[in-house]
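# Residue-level structure breakdown
So you can see what is in the structure, the chains are spelled out below.
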Amino acid sequence: MISIAERHQYILNKIQVNGSLDVQGLCKELDVSSVTIRKDLKLLEDKNLLFRTHGGATLNNPYTVDKPVNEKEHLQSSEKMRIGAIAADLVEDNDSIIIASGTSVLALARCIKPKGNLTVITSALNVALELVHNNNIEVIQLGGLLRKTSSSVTGPYSDNVLSNVFCSKLFLGVDGIDLEFGLTTTNAFEAHLNRQMIDASQKIIVLADSTKFGKRGFGRICGIEEVDHIITDSGISEHTIKTLKSLGIKVSII
């Protein structure tokens, strides 16, 4: 039987390679109980060597925090612009779409140049201002309580509009994508509005750079199985790609 120090080194080596691990897998590989592994993970977390998650551990902090939109816009900016350009190609003439809030979908708005008519419903003020000067685009700005950090609105006024429309596509930005917990954002009210947008859309397209995977925000939007298409960058792991495709989700990598 290997020592505690050897067991800890095994765990750290494995998480460095895979980025994450699960308790049950470690139990089988190390031939110890789940109680022992959980104690090991707690000790390693106390030393700031990993982060514990439900049923396992990860190398990166899985919990997201709310940041101002002007700060988030500078994070992974080149990846977001390329993700937005790919997403813009999915917008068709005479389409009716919903664009949620976030810096990835703002990048999409900057890339949309329709030749035919387009109707866009959005909760994001910055998205509306980006599109309002295009004569081919009719913008429906949702109303409600303005969240300054995201430059978007939430509340019953938006819910009322969404309950009376149906669009071909929702372009959704998120703060976290966890294969078990689903899609999340840092604000529960915005998560609720995103849920209403999903119910008002035929196809759900998520725009998220690879840093969003393995993260969880405070407000759960929906399960991962409800997503039709994810557009991301090459930082996503092969394991995540295979899991998403096994669920029938299309994955586009820039």
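Treat the numbers as computed from the prediction; the structure is a model and nothing was measured.

This model, assessed by the stated rule, comprises 12 salt bridges. Its salt-bridge partner being K14, residue E29 comes within 2.4 Å of it at the nearest N-O pair. Pair noted here: E29 is in helix α2 (residues 23-30) and K14 is in helix α1 (residues 4-18), with a separation of 15 residues, a long-range link. With a relative accessible area of 38%, E29 lands in the partly exposed category. Overall, K14 belongs to the partly exposed group, its relative accessible area being 22%. A salt bridge links D95 to K169; its shortest N-O distance comes to 2.6 Å. Taken together, the positions of D95 in strand β4 (residues 95-99) and K169 in strand β9 (residues 167-173) put the pair 74 residues apart, joining distant regions of the chain. The class for D95 is buried, based on a relative accessible area of 7%. The exposure class of K169 is buried, given its relative accessible area of 8%.

What follows covers the layout of surface pockets. In this structure, the largest pocket occupies an estimated 850 Å³ of space. As for the largest pocket, its lining consists of 28 residues, and the residues nearest its centre are G19, S20, T58, G214 and T240. Sorting the residues of the lining of the largest pocket by element identifies β1 (20-22), β3 (56-58), β10 (176-178) and α10 (238-246) as the ones contributing at least two each. For the lining of the largest pocket, the residue count by class is seven nonpolar, 16 polar and five charged. In this structure, the lining of the largest pocket is formed jointly by two domains, domain 1 (4-58) and domain 2 (69-253), each of which donates at least three residues.

With their axes 7 Å apart at the nearest point, helix α5 (residues 77-88) and helix α6 (residues 103-111) run at an angle of 55° to one another. Considered as vectors, α5 and α6 are oriented oblique to each other. Crossing handedness for the pair α5 and α6: right-handed. Across the interface between the two elements, K80, M81, G84, A85, A87 and A88 of α5 pack against T103, S104, A107, L108 and C111 of α6.

Before going further, it helps to examine the sheet that holds strand β11 (residues 182-185). Strand order in the open sheet formed by three strands is β10-β11-β13, with antiparallel pairing between adjacent strands. Two strands close off the open sheet at either side, each with one partner strand: β10 and β13 (219-222). For this sheet, the mean inter-axis angle between neighbouring strands, taken without regard to orientation, is 35°. As judged from the three bridges shared by β10 and β11, these two strands associate in the antiparallel manner. Looking at β11, one finds that D178 is bridged to G182.

Looking now at the pairing of strand β15 (residues 250-253). A regular strand carries its side chains on alternate faces of the sheet. Judged from the four bridges that link them, strand β14 (residues 229-232) and β15 form a sheet pairing that is parallel. Of the residues in β15, the one forming a bridge with I230 is V251. Crossover connection from β14 via α10 to parallel β15: handedness right-handed.

Turning next to the packing of α2 against helix α3 (residues 34-46). Running from N to C, α2 and α3 cross one another at 110°; their axes reach a closest spacing of 9 Å. As summarised for this structure, α2 and α3 are arranged roughly perpendicular, according to the angle between their axes. Taken as a pair, α2 and α3 cross one another with a handedness that is right-handed. Taking contact as the criterion, the partners of V23, Q24, L26, C27 and L30 in α2 are, on α3, S34, I37, R38 and L41. Of the residues that constitute the contact of α2 with α3, the class distribution is six nonpolar, two polar and one charged.

Right, let's get into the domain arrangement of the protein chain. You can read the domains of the protein chain as domain 1 (4-58) and domain 2 (69-253). Taken over C-alpha atoms, the centre of domain 1 sits 34 Å from the centre of domain 2.

Looking now at the state of the cysteines. For the coordinates displayed, the defined rule picks out zero disulfides. This cysteine, C222, is not joined by any disulfide, and C167 carries the nearest cysteine sulfur, 17 Å off.

For α5, spanning 12 residues, the distance from its first C-alpha to its last is 16 Å, which sits close to the expected 16 Å at 1.5 Å a residue. For α5, the full list of buried residues reads K80, I83, G84, A87 and A88. Across the axial projection of α5, the buried residues extend over an arc of 135°, all falling on one side.

The rules behind the values
Residues numbered from 1 in each chain as written. Predicted model: local features only at pLDDT ≥ 70, side-chain atom pairs only at ≥ 80, totals over all residues. Heavy atoms only, no water. Salt bridge = Lys/Arg side-chain N within 4 Å of Asp/Glu carboxyl O. Helix = DSSP H or I, 4+ residues; strand = E, 2+ residues; numbered from the N terminus. Buried < 20%, exposed > 50% of the residue type's maximum accessible area, 1.4 Å probe, protein only. 1 Å grid on protein atoms, 1.4 Å probe; cavity = no way out; pocket = protein on both sides within 12 Å on 5 of 7 lines; lining within 4 Å. Points joined across faces, edges and corners; volume = space filled by probe spheres on them. Nonpolar A, V, L, I, M, F, W, Y, C, P; charged D, E, K, R; others polar. Domains from an automatic or database assignment. Axes fitted to C-alpha atoms, helices over the stretch in contact; angles between N-to-C directions. Parallel < 35°, antiparallel > 145°, perpendicular 65-115°, else oblique. Left-handed = near helix turned anticlockwise from the far one by under 90°. Contact = heavy atoms within 4.5 Å. Pairing = 2+ DSSP bridges. Right-handed = clockwise from strand over helix to strand, strands pointing away. Disulfide = S-S within 2.5 Å. Expected span 1.5 Å × (residues − 1). Arc of directions from axis to C-beta.

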